[in-house]
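Residue-level listing of the chains:
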Amino acid sequence: VVDITHEIPPQDVELGRLTVARYWRRFPSGTVHLAIVDPGVGSERAGIAIASDGRFLVGPDNGLLSPALLLPDARAVQLHVARTASATFHGRDVFAPAAIRLLADAQLEDLGSAASTPIIRRTPEARRGAQGELIGEVISVDRFGNAITNLLGRRATAVVAGSQELPLCRTYSDLPAGGAGALVGSTGLIEIVVRDGRASDVLSLARGDTVRLVDGPVRTPSR
Amino acid sequence: VVDITHEIPPQDVELGRLTVARYWRRFPSGTVHLAIVDPGVGSERAGIAIASDGRFLVGPDNGLLSPALLLPDARAVQLHVARTASATFHGRDVFAPAAIRLLADAQLEDLGSAASTPIIRRTPEARRGAQGELIGEVISVDRFGNAITNLLGRRATAVVAGSQELPLCRTYSDLPAGGAGALVGSTGLIEIVVRDGRASDVLSLARGDTVRLVDGPVRTPSR
Amino acid sequence: VVDITHEIPPQDVELGRLTVARYWRRFPSGTVHLAIVDPGVGSERAGIAIASDGRFLVGPDNGLLSPALLLPDARAVQLHVARTASATFHGRDVFAPAAIRLLADAQLEDLGSAASTPIIRRTPEARRGAQGELIGEVISVDRFGNAITNLLGRRATAVVAGSQELPLCRTYSDLPAGGAGALVGSTGLIEIVVRDGRASDVLSLARGDTVRLVDGPVRTPSR
């Protein structure tokens, strides 16, 4: 049993999904991932098990497991819920037992009937503004207070968040202590950070806040 | 090594005990549980090891391990404390070594002398009020902010906490976003919850607060 | 995989170092410790792997692993950083892979070239004041709110922090509920504690605060 994290804030399906995206294929073929962020437990939302790229994933059908559903060979089944299952704790009564059965060599199809349209959530795409600039948003705040955006842009020079222009640097140590900036994080997305601090607190950033990419380095000279 | 949780708040023996109750028998025969919430470390409180229903439990004798002591076949020994043990860190110096010895096939009786009266704490019982209504209390708040009560009552219609009457529903998704209610949690006890929120914050609930069950659905007609 | 802790606050290399000191030799020969508290990720700071007393340690060269470097037989190498490694996530891209290679029986020297002067940080030493009294400081606050000092002193009678004189006792249970005191913690250092409370909050203590040891019990009579 490897505990990837128990630090996803309650109900934060989006950060859970980004975490699944980051890790699910880094574990070897045959791995069974059990991932649960489940504000809809007990509702009509289904539970699913997925086989994708040789790995298995088990959890609620609420978009959390989307990264594994995007591959062409992905298969998913809708889990059967025993009548004895608690209405509020499917982690214990539905998902963990399904994961165990997969580890005990059950076939995916033994766990339920084919799920033809599992829910897929994607990172929202950045859009172009009136001047052609790239406009995105904060999609998550991690436990270090880094604000992860949906912006890609290795050739940009800065990111604007609120009224602040933050230089795009390569790593934390390019910033002075306490200084704010932006950098390309481990997922390839631009993150807004404060060296030795919490960007979300220092800059009052939260999910959904608009951010804007400042292109560079070529500008038309003003003469 | 399976880390059930490191999220019991410091000194919260009661939530630790509820967690032991929830999990100790869900692990297979032969499992050794090491459970430590130990505000009395270094005092005269004893350490104990228990054999019960084929499982073993090791920890402080402060009621934390009560669920395993309630079975008729339970046996307990009082752990010997080596003179070299730190006065403040029995987890490292007393309990973990005892757990390891059990895993290495020591007999329970090798670890100490019989403990004839280990401390047993029970969930306080709800009582009947003047109108025959069931009056209980909040016995714990979990990490989601759910307020766990000592009320059982699947046929009730609502729970009153402070000045609020909260409908008893089956699951979170029966509530509107941000709405407060009560439901039967995974332990069979009624919990007061807020959908996508923290009931303890929204309703200012803390351990010891009085709660009252509203019976239903049969009421004596007023004619 | 044993998760010693994920509760070191971000950037707190000092508490990380104390935690390494507490545990690295308690695991058996052949253990590979992966320890990462890494505010300088992506800077010129090196990554290192250490062989010491039969154990291996992998992490940033920022003093975190100092306890293992202090032994005379310690050897260290500077880890090679692949060009494909993320600039911000060496835990995933540099340190974990090096730890895996050691577990797969690589030799330390296979991982990089000898590191001749790895960074060593030590607990700051207490000093003597004008009256010969021992003056130290709070070097860390743990998750229970205990303020760990750099004072040794089993024969002292009290510790002064700010305007308060705190009696030196043997264990928490020597204090009244909510009472403040000092005791020798599991590392041998004096800690300032509050029974069933958080000393750091109750006494407003933070890292770097000055503390002073009150000698005892022999005093020169004033005649």
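Residues numbered from 1 in each chain as written. Chains lettered and ligands numbered in written order. Predicted model: local features only at pLDDT ≥ 70, side-chain atom pairs only at ≥ 80, totals over all residues. Heavy atoms only, no water.

J.: Just give me the short version of the overall build of chain A, but keep the residues and values in it.
T.: In terms of helices and strands, chain A carries 4 helices and 13 strands. Projected onto the principal axes, the alpha-carbon positions of chain A cover approximately 75 × 35 × 30 Å. Each of the 223 residues in chain A was classed as buried or not, and the buried ones make up 52%. Counted over contacts in chain A with a minimum sequence separation of 6, partners at least 24 positions apart contribute 59%. Element-wise, carbon and sulfur atoms account for 50% of the exposed surface of chain A, whose accessible area totals about 11400 Å². Measuring between centres, the 24 positive side-chain charges of chain A sit 5 Å from its 24 negative side-chain charges. (Helix = DSSP H or I, 4+ residues; strand = E, 2+ residues; numbered from the N terminus. Buried < 20%, exposed > 50% of the residue type's maximum accessible area, 1.4 Å probe, protein only. Contact = heavy atoms within 4.5 Å. Areas by Shrake-Rupley, 256 points an atom, 1.4 Å probe, with all protein chains shown as cover. Lys, Arg positive; Asp, Glu negative; His and termini not counted. Charge placed at Lys NZ, Arg CZ, Asp CG, Glu CD.)

J.: Describe the relation of the copies chain A and chain B, and please don't skip the residues or the numbers.
T.: Taken as rigid bodies, chain A and chain B are interconverted by a rotation of 120° and an axial shift of 0.0 Å, the fit giving an RMSD of 0.0 Å. Taken together, the rotation angle and the small translation identify this as a three-fold axis. (Least-squares fit on C-alpha atoms with pLDDT ≥ 70 in both.)

J.: Any details on the side chain of Ser86 of chain C? Residues and values, ideally.
T.: For Ser86 of chain C, the location among the structural elements is in the loop between strand S4 (75–79) and helix H3 (90–103). Taking the relative accessible area as the measure of exposure, Ser86 of chain C reaches 12% and is therefore buried. Apart from the residues lying within four places of it in its own chain, the contact partners of Ser86 of chain C are Ser186 of chain A together with Arg92 and Asp93 of chain C.

J.: Talk me through the interface of chain C and chain B; I want residue IDs and the actual numbers.
T.: Between chain C and chain B, the contact holds 16 residues from the first and 13 residues from the second. For the pair chain C and chain B, the two sides together bury roughly 1300 Å², of which 50% comes from carbon and sulfur. Counting every contact that joins chain C to chain B gives 0 salt bridges. Taken together, the links from chain C to chain B amount to 3 residue pairs in polar contact (both at pLDDT 80 or more). Put simply, the parts of the chain that give the side of chain C that touches chain B at least two residues each are helix H1 (13–23) and strand S11 (180–184) of chain C. Among the residues forming the side of chain C that touches chain B, the class breakdown is 5 nonpolar, 5 polar and 6 charged. (Buried area = accessible area lost by both parts, 1.4 Å probe. Salt bridge = Lys/Arg side-chain N within 4 Å of Asp/Glu carboxyl O. Polar contact = N/O pair within 3.5 Å; in protein donor to acceptor, adjacent residues only side chain to side chain. Nonpolar A, V, L, I, M, F, W, Y, C, P; charged D, E, K, R; others polar.)

J.: Explain the layout of surface pockets to me, and be specific about the residues and the numbers.
T.: Residue and element names in this part refer to chain A. Volume-wise, the second largest pocket comes out at about 460 Å³. Together, 18 residues line the second largest pocket, and Leu18, Ala21, Thr123, Thr187 and Leu189 are the ones closest to its centre. Top element by residues in the lining of the second largest pocket is helix H1 (residues 13–23). It accounts for 4 residues. Of the residues in the lining of the second largest pocket, the class split is 7 nonpolar, 4 polar and 7 charged. (1 Å grid on protein atoms, 1.4 Å probe; cavity = no way out; pocket = protein on both sides within 12 Å on 5 of 7 lines; lining within 4 Å. Points joined across faces, edges and corners; volume = space filled by probe spheres on them.)

J.: Lay out the sheet that holds strand S1 (residues 32–34) of chain B in plain terms, naming residues and giving numbers.
T.: All names here are of chain B. Taken in spatial order, the 5 strands make up an open sheet running S1-S3-S2-S4-S5, and their pairing is mixed. Each of the sheet's edge strands pairs with one partner strand only, and the pair in question is S1 and strand S5 (112–114). On average, adjacent strands in this sheet sit at an angle of 25° to one another, irrespective of strand direction. Sheet strands in contact with helix H3 (residues 90–103) are S1, strand S2 (47–52), strand S3 (55–60) and strand S4 (75–79), and its direction is about 165° off that of S3. (Pairing = 2+ DSSP bridges. Axes fitted to C-alpha atoms, helices over the stretch in contact; angles between N-to-C directions.)

J.: How would you sum up the confidence of the model for chain A? Please name residues and give values.
T.: All names here are of chain A. The predicted model of chain A has a mean per-residue pLDDT of 90, with 96% of residues at 70 or higher. Low pLDDT (under 50) marks residues 218–223, which in the prediction has 1 contact with non-local residues, meaning those over four places away or in another chain. Prediction confidence for the complex, expressed as pTM and ipTM, is 0.79 and 0.72 respectively. (pLDDT = per-residue confidence, 0-100.)

J.: I'd love a proper account of the pattern of salt bridges, names of residues and values included.
T.: Counted by the stated rule, this structure contains 33 salt bridges over all chains. Note that Arg198 of chain A and Asp201 of chain A form a salt bridge whose closest N and O atoms lie 3.3 Å from each other. Residue Arg198 of chain A is classed as partly exposed on the basis of its relative accessible area of 33%. A salt bridge links Arg45 of chain C to Asp38 of chain C; its shortest N-O distance comes to 2.7 Å. What makes Arg45 of chain C buried here is its relative accessible area of 15%. On the accessibility criterion, Asp38 of chain C (14% relative accessible area) is buried. Via salt bridges that share partners, Glu14, Arg17 and Arg121 of chain A belong to a single interconnected network.

J.: Report on the interface of chain A and chain B, specifying residues and quantitative values.
T.: The interface is formed by 14 residues belonging to chain A together with 16 residues belonging to chain B. There are 0 salt bridges connecting chain A and chain B. There are 2 residue pairs in polar contact (both at pLDDT 80 or more) connecting chain A and chain B. Residues belonging to the side of chain A that touches chain B are distributed by class as follows: 5 nonpolar, 7 polar and 2 charged.

J.: Outline the sheet that holds strand S1 (residues 32–34) of chain A, supporting the account with residue identities and numerical values.
T.: Residues and elements named next belong to chain A. A sheet is described by the order of its strands in space; here 5 strands give the open sequence S1-S3-S2-S4-S5, paired in mixed fashion. One side of each edge strand has no neighbouring strand; the edge strands of this open sheet are S1 and strand S5 (112–114). Averaged over all adjacent pairs, the angle separating strand axes in this sheet is 25°, with direction ignored. Alignment of S1 against strand S3 (residues 55–60), held across 3 bridges, turns out to be parallel.

J.: Summarise the pairing of strand S12 (residues 190–194) of chain C; cite the residues concerned and give the values.
T.: Residues and elements named next belong to chain C. For S12, a buried count of 5 out of 5 residues is recorded, marking the element as mostly surrounded by other parts of the structure. The alternating pattern of S12 places Ile190, Ile192 and Val194 on one face and Glu191 and Val193 on the opposite face, and all of these are buried. Bridge analysis of strand S8 (residues 147–149) against S12 gives 2 bridges, and the strand direction is antiparallel. Looking at the pairing, Ala147 lines up with Ile192 of S12. Where S11 lies against S12, 5 bridges are found, and the strand directions are antiparallel. By the bridge assignment for S12, Gly181 is matched with Val193.

J.: If you had to explain the side chain of Asp12 of chain B to someone new, which residues and values would you point to?
T.: All names here are of chain B. Within the secondary structure, Asp12 is located in the segment before helix H1 (13–23). Within the structure, Asp12 has its side chain in polar contact with the side chain of Arg207 (distance 2.6 Å). Residue contacts for Asp12: discarding those within four places in its chain leaves Val37 and Arg207.

J.: Can you lay out the environment of Ile100 of chain B for me, pointing to particular residues and giving the numbers?
T.: All names here are of chain B. Along the polypeptide, Ile100 turns up in helix H3. The exposure class of Ile100 is exposed, given its relative accessible area of 54%. The sequence separation of Ile100 and Leu34 amounts to 66 residues, and the corresponding C-alpha distance is 9.6 Å.

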